[in-house]
Amino acid sequence: MPELAIEASAPTELIGKQYRVRGSYEVGREKVREFARAVQNAHPAHRFEGDAAELGCEGVLAPTTFAAVIGWTTTQALLDSVLSRYDLSQILQTDQLFEIHRPMVSGDVLHTETKIESIRRVRGNDFLTVRAAIIDASGAVVVVATVTIVARLGVEIDPDIARLVEGLVMHRRETDRTEFDVIAPMAAEEATEIPPLTRSRAGLEVRTVPRFEDLTVGDELPAGKMQLTRGDLVNYAGVSGDTNPIHFSDRAADLAGLPTVVAHGLLTMGLGAEYLSSWLGDPTAIESYSVRFASLVSVPATSPAQIEFTAKVKSLDPERRTATLLLSGTSEGKKLFGRAVAEVQLS
């Protein structure tokens, strides 16, 4: 496929700029439990301190994609400030990567440093890649979340959509804002060094059901089936903070050109994490997880959407006892991911 022509008019002056969210985020035990329920992550370590302690965690274990809650707030803060030229209604997420340097647990007090890594304009759309480093009170990196979004430019917002969104989306009042909603610029030399995952996770002991010696390249994991209802979408919207009405309003979906209400991409990604975790037996074994979204899960009004996950072993690293897994998800015959990859540690 030939390369798309990249226009030179993208706002390149923002590339490389770094910012810090002024306040801190404390990971609450009940928030972890609510999020685990929302993404159907069933391991007891997400709910009970004793089970989390068996995995070496000092608090209830946050699910693999929990950083999405913090990342969404950071992205919103950027759009409210340095990226204010873009309208939220014209933005679509295309890629998401989570790199887990250590398990995130309840009780963690975290701050976020974010960097605009790239902006390129392709056929009237701006593709922005933003990285958020989530850092604990000791200054250690916990999770690095990297997102790519595409912003449509020069598109007049349909007044019907504007009125609908105004009437449906949760109100954002000035009194709701906290320090964690405020972005402050940082000098490059102030940024926290992000170590390689191999160094951060060198001392992490995992307790997986499959052992490294059990696997060979090309092995296929057993297929897994999950489902989503409209109630699941509403619940995830509330827990995650992503209240785009296409996820719960048929009228909003129709105006957006969708056949029906659709699931959040990060909700689908969270279900994929459960599929991997249930096979591994230890959610802390997932060290990185990336998805390129290809299509959305349509969720009918009166029956659940069915999703099937499969995966296979792409490669094995005997020195680190890690495996690279290629994940696939389908719903109604549609391929949900253009590419989905997880790096996992094994006992």
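In the annotation of an unreviewed UniProt entry, the entry for the chain reads MaoC family dehydratase N-terminal domain-containing protein, and the organism field reads Nocardia albiluteola. Quoted verbatim from the Sequence similarities (unreviewed entry) field of the UniProt record, the comment on the chain reads "Belongs to the enoyl-CoA hydratase/isomerase family."

A. Inspection of empty space enclosed by the protein at higher detail. The full count for this structure, using the stated rule, is two cavities of 30 Å³ or more. Lining of the largest cavity is provided by 14 residues; of these, A62, P63, T64, I100 and M104 occupy positions nearest its centre. For the lining of the largest cavity, a count of residues per class yields eleven nonpolar, two polar and one charged. Each pocket or cavity is described by its volume, and for the second largest cavity that value is around 30 Å³. Forming the walls of the second largest cavity are G265, T268, F293, S295, L296, V297, L336 and F337. Residues belonging to the lining of the second largest cavity are distributed by class as follows: five nonpolar, three polar and no charged.

B. A look at the packing of aromatic side chains. This structure, assessed with the given rule, holds three aromatic pairs. Aromatic pair F35 and F66: ring centres 5.3 Å apart, planes at 80°, arrangement edge-to-face. Of this pair, F35 sits in helix α1 (residues 29-38) while F66 sits in the loop between α2 (49-54) and α3 (67-80), and the two are 31 residues apart along the sequence. Using a relative accessible area of 0% as the deciding quantity, one classes F66 as buried. Measuring from ring centre to ring centre gives 6.0 Å for F35 and Y236, while their planes differ by 55°; the resulting arrangement is tilted. Of this pair, F35 sits in helix α1 while Y236 sits in helix α6 (residues 230-240), placing them 201 residues apart in sequence. A residue is classified by how much of its surface remains accessible, and F35, at 0% relative accessible area, is buried.

Here is what the cut-offs are and how they apply
- Here the residue index of a chain counts from 1 through its sequence in written order.
- Side-chain atom pairs in this predicted model are given and counted only at pLDDT of 80 or more, local residue features only at pLDDT of at least 70, and totals for whole chains, interfaces and linings cover all residues.
- Side-chain figures throughout are based on the complete set of non-hydrogen atoms in the structure, without hydrogens or water.
- UniProt positions are given in the numbering used here, feature names are shortened, and annotations may be inferred rather than shown by experiment.
- Points on a 1 Å grid over protein atoms alone make up a cavity when a 1.4 Å probe fits among them but cannot get out, and a pocket when they form an open set with protein on both sides within 12 Å along at least five of seven lines; lining residues each have an atom within 4 Å of a point.
- Grid points are joined across faces, edges and corners, and a volume is the space filled by probe spheres set on the points.
- Classes in brief: Ala, Val, Leu, Ile, Met, Phe, Trp, Tyr, Cys and Pro nonpolar; Asp, Glu, Lys and Arg charged; the others, Gly included, polar.
- Two aromatic rings, drawn from Phe, Tyr or Trp (for Trp, its six-membered ring), form a pair once their centres lie within 6.5 Å of each other, and the interplanar angle then sorts them: stacked below 30 degrees, edge-to-face above 60, tilted otherwise.
- What counts as a helix is a DSSP run of H or I of at least four residues, what counts as a strand is a run of E of at least two, and both are numbered from the N terminus.
- Each residue's exposure class comes from its accessible area (1.4 Å probe, protein chains only) as a fraction of the maximum for that residue type: buried when under 20%, exposed when over 50%, partly exposed otherwise.

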